[in-house]
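Residue strings, one per chain:
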Amino acid sequence: MVEKTPILDAFTYIFLMVGIIIVGSPIIYAIIAATLPIEDVSRVPMPLIPGDQFWVNMRAAWDKGDLGTQLFNSFIMASGITIGKITVSMLGAFSIVYFDYRFRTLAFVTVFCTLMLPVEVRILPTYEMAANLFGPLQSIWDLLHLNSVMSWFANHEVDVSLNFSLLDSYGGLIFPLVASATCTFLFRQFFLTVPEELCEAAKMDGASAMTFFRKILLPISKTNMAALVVIEFVYGWNQYLWPLLITTNPKMTTAVIGLQNLIPQADDLPFWNVAMAGALIVMAPPILVVLLMQRWFVKGLVDPEK
Amino acid sequence: MIKRSVFTNRKLPYLLILPQILVTVTFFYWPAAQGLFQSLMISDPFGLHNTFVWFDNFIALFKDPLYLKSVVITLTFSACTAFVSISMGLFIATMANRALRFKAFIRTMLIWPYAVAPAISGILWLFLLHPSYGVVALALKRWFGFEWNPVLVGHDAMIMVILASAWKQVSYNFVFFMAGMQAIPHSLIEAASMDGASPFRRFWAITLPLLSPTLFFVTVMNIIYAFFETFGVIHTVTQGGPGGATNILVYKVYQDGFIGLNLGSSAAQSIVLMSLIILITVLQFKYVERKVQYTG
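Fair warning: this is a prediction, and the values are worked out from it, not measured in the lab.

A.B. asks: Summarise the overall build of chain A; cite the residues concerned and give the values.
C.D. replies: Check the secondary structure of chain A and you find 17 helices and zero strands. In terms of C-alpha radius of gyration, chain A reaches 26 Å, well past the compact-globule figure of 19 Å for 306 residues. Structurally, chain A occupies a C-alpha span of about 75 × 65 × 30 Å along its principal axes. Burial statistics for chain A: of 306 residues in total, 42% are counted as buried. Taking as baseline every contact in chain A between residues at least 6 positions apart, the subset at least 24 positions apart corresponds to 75%.

Right, here's the structure in full:
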């Protein structure tokens, strides 16, 4: 800093230590609990010296919560959302920034109206939509009384009901959450900062739009993509409300939801050691992603335009 | 905004934007319209007949003492959560910005809770603050004679969900404040210290005012987080209880719609929340535009 303030500096580090410990305390406590046998974890106060039951508890959590299946589902959902969002939004932003066409502004406004609306505020109708993806077509069909028209033509009773459900499927877990404008907005901002000369040069050399996209835009967007991979993977993995609604089959649910089954209820034996072991397993993948890709993540979160 | 040099192609731009429009319309516009439609209807208990009732659902909603209670609870909850996580994040970021050594280590140690799901954060804190097994309840009782019981007492439950929700948000705020502070020109700080301003004075007179755009943005994001994403915390930890003491609006939409099957009311509640978000977004964009003008 500017001047020498040894006392204040000492306090700085002390406060930082305390801060790190406070931030870390829930997890430290969870790790200790996950190493203890049931007799110790239900003692009050719980001993703060780690035991040797870590792998036993991990194993118990894994089997009891069926974590293998659910972690796989979480992984599919998180990667699906990540890949889907980045692909859809990159193409969309490319179309909006690099082309001039009649409905460009309309497309832009349509997409950006959804910028901040989280899935939580429109759960019920979105659920109905996912329960029958052809719902809108069905309504139009009914509205036009096409059933009776068809009956008249075919000379016998016709009843058309269109039904295509996304419940309990990976598609249902992924697609509704791909509908978000945030990534498109970020890519648009980034594409606008790309020098005009790049596009002019590419056009001069006779590159088509898609060649320009593949050979120039894609490589220079790598940092942004890396940042979004981290943010969207964490977002997808940590989803709660949507998977809770859309899946009823325990084989199709995600790990964060499944963890609920491991929490001891009032009349159970207090298997908090197993619950904590399960929590550690389920939170590990997104934490690893954030820590390993820390540099891109911080840049992408704070400074998406560069 | 658009580029000066653009590609000319008749079909390609439509093809490129098509997936985005398709998912947006299917999973956003149609459900939103459906919700709006439903909020003006009352359906009978078997879901066979719908009656158009204009704004009766909304009127009933704002006359319902349970809903008004939930509004108050949500406001308290999000204000406290935002305050705790922002002040904690700001404090730690200020300290970390002063530290000259171990910067990377400090950042790593503070950043990881961002990746923890709200629901899992809830489970961790539920255990830490558990009335019969948690260490905090015991310490409070032994040292202060205070009976801590978030399972039965509304206030205690509220404190528990606030802590669980604020905890993971501290790292998000920390990242933004760190970046904001690093963007403040060092010459300003140096000039102030030449003039004899103490570190505390410099924080209040220079750092904090220059951090105000960040502070504003972070506040908006924290409030949105507290309003919506904390569903997982509430669902794992209290289920809105005890006695509705932590029944925030998002949880009420879920309860009334999916558990109580009161579709009209649930849809009306969704519409209220949607309008709220739109209002916040508009406000934020207005502010962001002003900020752009300031910086030229």
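A.B. asks: Describe the interface of chain A and chain B, listing the residues and the values that go with them.
C.D. replies: Contacts between chain A and chain B engage 89 residues on the former and 82 residues on the latter. No other element matches helix H1 (residues 6–34) of chain A, which puts 14 residues into the side of chain A that touches chain B. Partitioned by chemical class, the residues of the side of chain A that touches chain B number 65 nonpolar, 15 polar and nine charged.

A.B. asks: A description of the packing of helix H8 (residues 186–194) of chain B against helix H9 (residues 199–210) of chain B should follow, citing residues and the corresponding values.
C.D. replies: All names here are of chain B. Interhelical geometry of H8 versus H9 gives an angle of 140° and a closest axis separation of 10 Å. Here H8 is positioned oblique relative to H9, judged by the angle of their axes. Note that H8 runs across H9; the crossing there is right-handed. Facing H8, whose interface residues are Leu188, Ile189, Ala192 and Ser193, H9 presents Arg202, Ala205 and Ile206. Residue classes in the contact of H8 with H9 are distributed as five nonpolar, one polar and one charged.

A.B. asks: Any details on the confidence of the model for chain A? Residues and values, ideally.
C.D. replies: Of all residues in chain A, 93% have pLDDT values of 70 or greater, and the mean over the chain is 84. Within chain A, no element has a lower average pLDDT than helix H8 (residues 146–154) of chain A, which sits at 69, and none a higher one than helix H4 (residues 67–98) of chain A, at 92.

A.B. asks: Give a detailed account of the nonpolar core, specifying residues and quantitative values.
C.D. replies: Core analysis: the largest hydrophobic core is formed by 161 residues, its most contacted members being Ala30(A), Ala33(A), Met276(A), Ala279(A), Ile120(B) and Phe127(B). Of the residues forming this core, the biggest block, 16 residues, is contributed by helix H7 (residues 154–182) of chain B. Ignoring sequence-local partners within four residues, the contact set of Ala33(A) consists of Val41(A), Met46(A), Trp272(A), Asn273(A), Met276(A) and Phe127(B).

A.B. asks: Go over the environment of Asn262(B) with me, naming the residues and quoting the values.
C.D. replies: All names here are of chain B. Tracing the backbone through its elements, the reader meets Asn262 in the loop between helix H12 (249–259) and helix H13 (263–295). Here the alpha-carbon distance between Asn262 and Ile42, two residues 220 residues apart in the chain, equals 8.6 Å. Once residues within four sequence positions are removed from consideration, Asn262 is found in contact with Asp256 and Gly257.

A.B. asks: Describe unusual backbone geometry, listing the residues and the values that go with them.
C.D. replies: Its identity is not glycine, yet Asp66(A) carries a phi of approximately 50°, on the positive side. Along the chain, Asp66(A) falls in the loop between helix H3 (54–64) and H4. Notably, Phe102(B) is not glycine yet its phi reads approximately 60°, a positive angle. As for its position among the elements, Phe102(B) is in the loop between helix H3 (65–98) and helix H4 (103–111).

A.B. asks: Describe in detail the confidence of the model for chain B, supporting the description with residues and values.
C.D. replies: For chain B, the average pLDDT comes to 85, and 94% of its residues sit at 70 or higher. Of all the helices and strands in chain B, H13(B) carries the lowest mean pLDDT, 74, while H3(B) carries the highest, 92.

A.B. asks: Go over the packing of helix H6 (residues 123–131) of chain A against helix H1 (residues 12–38) of chain B with me, naming the residues and quoting the values.
C.D. replies: Interaxial distance between H6(A) and H1(B) falls to 8 Å at its minimum, and their mutual angle equals 120°. One way to sum up the angle between H6(A) and H1(B) is to call them oblique. Crossing geometry of H6(A) relative to H1(B) is assigned as right-handed. Residues Leu124(A), Pro125(A), Thr126(A), Glu128(A) and Met129(A) of H6(A) lie in contact with H1(B), whose contacting residues are Thr26(B), Phe27(B), Trp30(B), Pro31(B), Ala32(B), Gln34(B), Gly35(B) and Gln38(B).

A.B. asks: For the environment of Thr35(A), give the residues involved together with the corresponding values.
C.D. replies: Residue and element names in this part refer to chain A. Looking at where Thr35 falls in the secondary structure, it is placed in the loop between H1 and helix H2 (38–41). Through-space distance from the C-alpha of Thr35 to that of Ala277 is 8.1 Å; in sequence the pair is 242 residues apart. Thr35 has contacts with Pro50, Gly51, Asp52, Gln53 and Phe54, leaving out every residue within four places of it along the chain.

A.B. asks: Talk me through the environment of Met90(A); I want residue IDs and the actual numbers.
C.D. replies: Within the element layout of this structure, Met90(A) appears in helix H4. Between the alpha carbons of Met90(A) and Cys183(A) there is a distance of 7.8 Å; along the sequence they are 93 residues apart.

About the cut-offs
- Residues numbered from 1 in each chain as written.
- Chains lettered and ligands numbered in written order.
- Predicted model: local features only at pLDDT ≥ 70, side-chain atom pairs only at ≥ 80, totals over all residues.
- Helix = DSSP H or I, 4+ residues; strand = E, 2+ residues; numbered from the N terminus.
- Rg over C-alpha atoms; globule rule 2.2 N^0.38 Å.
- Buried ≥ 20, exposed ≤ 12 C-beta atoms within 10 Å, placed from the backbone.
- Contact = placed C-beta atoms within 7 Å.
- Nonpolar A, V, L, I, M, F, W, Y, C, P; charged D, E, K, R; others polar.
- Axes fitted to C-alpha atoms, helices over the stretch in contact; angles between N-to-C directions.
- Parallel < 35°, antiparallel > 145°, perpendicular 65-115°, else oblique.
- Left-handed = near helix turned anticlockwise from the far one by under 90°.
- pLDDT = per-residue confidence, 0-100.
- Core = buried A, V, L, I, M, F, W, Y, C linked by C-beta atoms within 7 Å.

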